[in-house]
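Descriptive analysis of the structure
Read off the chains here:
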Amino acid sequence: MQTTSLYQQVKNAITPYTNEYKTAFTVALSGGVDSVVLLHIMNALKAEIPQLQLSAVYVNHGLSQYGDDWQHFCEKLCAIVKVSFYSAQVKITNKSRTSLEELARDARYQALDQHSPSGSIILLGQHLNDQLETFLLRLKRGSGLQGLASMRQIRTLSSGRECLRPLLNTTRHSIEQFASQFKLEHITDDSNTDERFDRNFIRQQIVPLLSERFIGFEKSAARSVNLLQQQQDVLDEYTQLDLSQCQNTQQGLSCLQLANFSAARQANVLRCWLGQFTTLMPSQQQTQQILTQGLTAKADAQLLIQLTGGQVRRHQNFLYFVRETSVPDSQSLTAQKQLLSDGRTLIQLSGVGVRKPLPDEHVSVQFNCPQARIKPLKKPGHNSIKHWFKDAKVAPWLRANVPLIFYNEQLVYVVGHFISAEHANEKGIFWEIKT
C-alpha cells in the first residue's frame, strides 16, 4: 500500500499539517469506497508517522432504511483497524428554496464538527468525479465564477475547524481500483443509482459519456476548475479592497461609495458584503433590486428586501443586513443584574443617570413604546421616543429592542441613548445592556 500513488497523494496532502505538529485527523466515514480507502491509507500512515492520531465519525442522516446497517459496518471496520469511532444522528427538516442534498450536507458538516475530537482535522473522501459533478450541477444552475470554482481542497467551517479533501484530484476509478487491489470491503449506497436526483443522473449518464468521447476529460475539467479557483482568489483580493472602502464599523455598506464603482463591481462588492452574513446569495433579480433601490432612493427612503435568513435595509445612505428578532417581554426590575427574555442582561450601575426610585414608584423595563414621551437631558422640550430616535439617527429596526426604563408610567431612561432631564442625577443610577 505504501508504494502506491494514492498513498503518496494522501501523505502529501496531510504533510503541511504534520509539519506544524497538527497530527489529529478524523475521517468522515460513510462506509462508501472513497471514505473506506481514505481510512485504510490514514491507518497505514500511522506506521510512518507514529504521532498521528486517527478517529472516524459516521453521520446517520435518517434518509435511508440501511443507515443503521451502514453505521454498524463502519463501527465494526474501525474496531478491526483499532481506530476510535463516533457516530451522530441528524434530523433533516425541509426548507423552501433548499434542496434535500444541501440540507443533508449542512447537517453532516455540523455533526462532523460536533462529534470529531477537539482540534482534529476532518478528512473528507470527495474525489475528482465528485468535483466534476459539482461543477456540472452549478453550470446547470447558472452559477458565476465562485460557484463554478466548485469544491476547494481545504474548507474552513464556521467554527474555525478545517476540513481537508486529500482525494480531490483522484478519479473514482483509481479509488475503486485501489480498493479492489487491497480487497477492501465497503458498502454501496442504493440511492446513488436513483437518477431522479440530478447528481446521480450526471454521474450515471453524463460524465461516462463525456469521458468515453473525450480521453482525459476528467483531468482536463479538473485543471479548468483549478484555474477558476485561482481567478476567484485574485478577484477576492481586489473585492476585499473595494469592500474596505465601502463598509463602516457597524458592517453597513455605503451607498455613496458603492455608486463610484461600475455596475459589475457594485454587484461583486454587494455579494461579498452579504457573504459575511449568509451563504445563500440573492438571485440576479434581487441583486439588481438592491442596487437600484439602494443607490437611487432619497436619503431618508425606507428600503426592505427580504432574503433567506434576513433582510437588506437602508439607513442614512448605508445598507445593512438585518436578521429578524422578537421583541423582548416587559418585566419588573427587581435585581441589579436582570436577564431579559431575549437572552441579554440588563445591569444597573451607579453614576450619572437618574435619581433612585421613590418607595411608591414601580420600576419596569419595557420595549417598543414609540409614543412614550420624554424630555432628554440637554434636548429641547418633550416629545415621543420615536421622534428622539429619529433625531439621533437610530436605525428603525433597532428601536423596538432598546430597553426603556419606567418609573410607574413615566419614561425616565432610554438605555444607551437618553436620560430624562426631570429625573437626572449626577449620583444616581443608570443601566447598561450586555449580550
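Residues numbered from 1 in each chain as written. Predicted model: local features only at pLDDT ≥ 70, side-chain atom pairs only at ≥ 80, totals over all residues. Heavy atoms only, no water.

Turning to the overall build of the chain, a few remarks are in order. The helix and strand tally for the chain stands at 14 helices and 20 strands. In terms of overall size, the chain is more extended than a compact globule, its C-alpha atoms giving a radius of gyration of 29 Å where 435 residues would be expected to give roughly 22 Å. Its C-alpha atoms give the chain principal-axis dimensions of roughly 85 × 50 × 40 Å. For the chain, buried positions account for 46% of its 435 residues. Across the chain, the fraction of contacts at a sequence separation of at least 24, relative to all contacts at a separation of at least 6, is 65%. By element, 50% of the accessible surface of the chain is carried by carbon and sulfur atoms, the whole surface being about 23800 Å². Charged side chains of the chain number 45 positive and 37 negative; the gap between the two group centres comes to 7 Å. (Helix = DSSP H or I, 4+ residues; strand = E, 2+ residues; numbered from the N terminus. Rg over C-alpha atoms; globule rule 2.2 N^0.38 Å. Buried < 20%, exposed > 50% of the residue type's maximum accessible area, 1.4 Å probe, protein only. Contact = heavy atoms within 4.5 Å. Areas by Shrake-Rupley, 256 points an atom, 1.4 Å probe, with all protein chains shown as cover. Lys, Arg positive; Asp, Glu negative; His and termini not counted. Charge placed at Lys NZ, Arg CZ, Asp CG, Glu CD.)

What follows deals with the packing of aromatic side chains. Given two aromatic rings, their pairing is described by the distance between the two centres and the angle made by the two planes. Inspection of the entire model under this criterion finds nine aromatic pairs. With 6.3 Å between their ring centres and 90 degrees between their planes, Tyr17 and Phe25 make a pair best called edge-to-face. For the pair Tyr17 and Phe25, one class covers both residues: buried. Ring plane angle 40 degrees and centroid distance 6.3 Å describe the contact between Phe389 and Phe418, whose orientation is recorded as tilted. Placement of Phe389 in helix H13 (residues 385–391) and of Phe418 in strand E19 (residues 418–419) is noted, with a sequence separation of 29 residues between them. Summarising the burial analysis for this pair, Phe389 and Phe418 share the class buried. Members of the aromatic cluster, each reached through a chain of ring pairs, are Trp273, Phe277 and Phe321. Lying across the ring of Tyr109, Arg155 places its NZ or CZ 4.0 Å from the centre. (Phe/Tyr/Trp six-rings, centres within 6.5 Å; stacked < 30°, edge-to-face > 60°. Lys NZ or Arg CZ within 6 Å of the ring centre and 35° of its normal.)

Two packed helices can be described by the angle between their axes and the distance between those axes. The contact between helix H2 (residues 33–48) and helix H3 (residues 67–81) brings their axes to 11 Å, and the two run at 15 degrees. Relative to H3, the element H2 is oriented roughly parallel. Our pair here, H2 against H3, has a crossing hand that is right-handed. The segment H2 lies against H3, with Val36, Leu39, His40 and Asn43 engaging Phe73, Leu77, Cys78 and Val81. Considering only residue class, the contact of H2 with H3 consists of six nonpolar, two polar and no charged. (Axes fitted to C-alpha atoms, helices over the stretch in contact; angles between N-to-C directions. Parallel < 35°, antiparallel > 145°, perpendicular 65-115°, else oblique. Left-handed = near helix turned anticlockwise from the far one by under 90°. Nonpolar A, V, L, I, M, F, W, Y, C, P; charged D, E, K, R; others polar.)

So, about helix H1 (residues 5–18). Over its 14 residues, H1 extends 19 Å from the first C-alpha to the last, a length consistent with the 20 Å expected when each residue adds 1.5 Å. Maximum bend of H1: about 25 degrees, positioned at Asn12, with proline Pro16 one to four residues after it. When H1 is considered as a whole, its buried residues turn out to be Leu6, Tyr7, Val10, Ala13, Ile14, Tyr17 and Thr18. Each element contacted by the buried residues of H1 is listed here: strand E1 (24–28), H2, strand E4 (121–123), strand E5 (154–156), strand E6 (162–164) and helix H7 (172–181). (Expected span 1.5 Å × (residues − 1). Bend = angle between axes of the 7 residues up to and from the residue.)

To continue, consider the pairing of strand E14 (residues 363–366). Of the strand pairs in this sheet, strand E11 (residues 331–332) and E14 are connected by two bridges, and their pairing is antiparallel. Counterpart to Ser332 in the pairing with E14 is Ser364. (Pairing = 2+ DSSP bridges.)

This paragraph deals with the sheet that holds E19. With antiparallel pairing, the five strands of this open sheet are ordered in space as E11-E14-E17-E18-E19. The sheet terminates laterally at E11 and E19, the two strands that pair on one side only. Where strand E18 (residues 410–414) lies against E19, two bridges are found, and the strand directions are antiparallel. Note that in E19 the partner of Tyr413 across the bridge is Ile419.

On to the layout of surface pockets. Of the volumes computed, that of the second largest pocket is approximately 600 Å³. Around the second largest pocket, the lining is made up of 21 residues, and of these Phe321, Val322, Arg323, Trp397 and Leu398 lie nearest the centre. Counting only elements with at least two residues in the lining of the second largest pocket, the list comes to strand E9 (310–315), strand E10 (318–322) and helix H14 (396–399). The dominant element in the lining of the second largest pocket, judged by the number of residues it contributes, is E10, at four residues. Along the lines of polarity and charge, the residues of the lining of the second largest pocket split into nine nonpolar, seven polar and five charged. (1 Å grid on protein atoms, 1.4 Å probe; cavity = no way out; pocket = protein on both sides within 12 Å on 5 of 7 lines; lining within 4 Å. Points joined across faces, edges and corners; volume = space filled by probe spheres on them.)

What follows covers the nonpolar core. Judged by nonpolar contacts, the single largest core of 40 residues is most densely connected at Phe25, Val37, Leu39, Met42 and Leu45. Secondary structure elements with two or more residues in this core: H1, E1, H2, strand E2 (53–60), H3, E4 and H7. In terms of residues, this core owes the most to one element, H2, which gives nine residues. The residues contacting Val37, other than those within four sequence positions of it, are Leu6, Ile175, Phe178, Ala179 and Leu184. Leu243, Leu258, Ile290 and Leu307 belong to the second-largest nonpolar core, a separate cluster that totals 20 residues. (Core = buried A, V, L, I, M, F, W, Y, C linked by side-chain atoms within 4.5 Å.)

On the surface, Val234, Tyr238 and Leu241 cluster together into a nonpolar patch covering about 320 Å² of accessible area. Within the secondary structure layout, Tyr238 lies in helix H9 (residues 217–246). (Patch = residues over 30% accessible without salt bridge, like charges linked within 9 Å, V, L, I, M, F, W, Y side chains within 5 Å. Salt bridge = Lys/Arg side-chain N within 4 Å of Asp/Glu carboxyl O.)

Below, the discussion takes up the environment of Ile92. Take Ile92: it is sitting in the loop between strand E3 (84–89) and helix H4 (100–115). Assessed through its relative accessible area of 17%, Ile92 is described here as buried. Along the sequence, Ile92 and Leu103 sit eleven residues apart, while their C-alpha atoms lie 6.6 Å from each other.

Think of it this way: side chains of opposite charge can pair up when their charged atoms draw near. Counted under the stated rule, the structure contains 16 salt bridges. Residues Asp130 and Arg203 are paired through a salt bridge, measuring 3.9 Å at the closest nitrogen-oxygen approach. Highlighted residues: Asp130 in helix H5 (residues 128–140) and Arg203 in helix H8 (residues 198–213), separated in sequence by 73 residues. Each member of the pair, Asp130 as well as Arg203, is classed as buried. For the salt bridge of Arg344 with Asp342, the shortest nitrogen-to-oxygen distance reads 2.7 Å. Here the residues in one salt-bridge network are Asp130, Glu133, Arg172, Arg199 and Arg203, joined through shared partners.

Honestly, it's all geometry; don't read function into it.
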